[in-house]
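Spelled out, the chains give:
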Amino acid sequence: MEMKALKQFVANHDNFEIRVITHSGSRFYQVELEDVEGERHMLMQRGKPMLFRSLDDVYLELKRAGIHRAYLVQHVPQDEVIGRDAHYSAPLTSRMPLVF
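This report concerns the structure included in the present document.

### Side note on the side chain of Glu17
Working step 1: For Glu17, the location among the structural elements is in strand β1 (residues 16-23).
Working step 2: Every residue in contact with Glu17, bar those within four places of it in the chain, is listed here: Glu32, Leu33, Glu34, Tyr71 and Arg95.

Dropping the structure here:
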């Protein structure tokens with residue numbers, strides 16, 4: 001989903017979730033939108049996923065789109081390596097609310 005499409009989506013819908021995704025060991029963040037039907041859309045720029053170097057950069061872009069709340073999700077590959085189930089969508093175990 002391009003930034004222009006995100007702005008239009010936010011203006012026309014109110015039931016969606018924004019996730020700021022990072023992977024352990026990475027310095028980059030990606031933004032994902034999950035709509036009411038459960039479809040996930042990555043924030044894209046010219047057909048490629050947008051990568052942000054800091055949370056401040058993420059906040060700035062999301063504010064421009066009219067979004068002021070999101071969830072920070074950190075993927076930790078060690079969970080799968082040791083045989084533990086990864087709970088990326090469980091609200092209390094993997095997501096941290098962000099308000100900006």
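### Thoughts on the packing of aromatic side chains
Working step 1: Going through the model one piece at a time under the given rule, you end up with two aromatic pairs.
Working step 2: Arranged with centres 5.6 Å apart and planes meeting at 70°, the rings of Phe9 and Phe16 form a pair that is edge-to-face.
Working step 3: Residue class for Phe9 comes out buried when judged on its relative accessible area of 14%.
Working step 4: Ring centres of Tyr59 and Phe100 lie 4.6 Å apart, and the angle between their planes is 15°; this geometry places the pair in the stacked category. With Tyr59 in helix α2 (residues 55-64) and Phe100 in the segment after β7 (95-99), the pair connects residues that are 41 residues apart, well separated along the chain.

### Notes on the layout of surface pockets
Working step 1: Size it by volume and the largest pocket reaches roughly 240 Å³.
Working step 2: In terms of lining residues, the largest pocket is bounded by 15 residues, among which Phe16, Ile18, Ile67, Arg69 and Ala70 are the most central.
Working step 3: Looking at the lining of the largest pocket, the elements with two or more residues in it are β1, β6 (69-75) and β7.

### Describing the environment of Leu72
Working step 1: With respect to the helices and strands, the residue Leu72 is situated in strand β6.
Working step 2: When the C-alpha positions of Leu72 and Met96 are compared, they lie 5.0 Å apart, and in sequence the two are 24 residues distant.

### Looking at unusual backbone geometry
Working step 1: Within the chain, Arg46 stands out as a residue other than glycine whose phi angle is a positive 55°.
Working step 2: Positionally, Arg46 belongs in the loop between β4 (44-45) and β5 (48-49).

Rules used throughout
- Residues numbered from 1 in each chain as written.
- Predicted model: local features only at pLDDT ≥ 70, side-chain atom pairs only at ≥ 80, totals over all residues.
- Heavy atoms only, no water.
- Helix = DSSP H or I, 4+ residues; strand = E, 2+ residues; numbered from the N terminus.
- Contact = heavy atoms within 4.5 Å.
- Phe/Tyr/Trp six-rings, centres within 6.5 Å; stacked < 30°, edge-to-face > 60°.
- Buried < 20%, exposed > 50% of the residue type's maximum accessible area, 1.4 Å probe, protein only.
- 1 Å grid on protein atoms, 1.4 Å probe; cavity = no way out; pocket = protein on both sides within 12 Å on 5 of 7 lines; lining within 4 Å.
- Points joined across faces, edges and corners; volume = space filled by probe spheres on them.

Nothing here speaks to function; it is all geometry.
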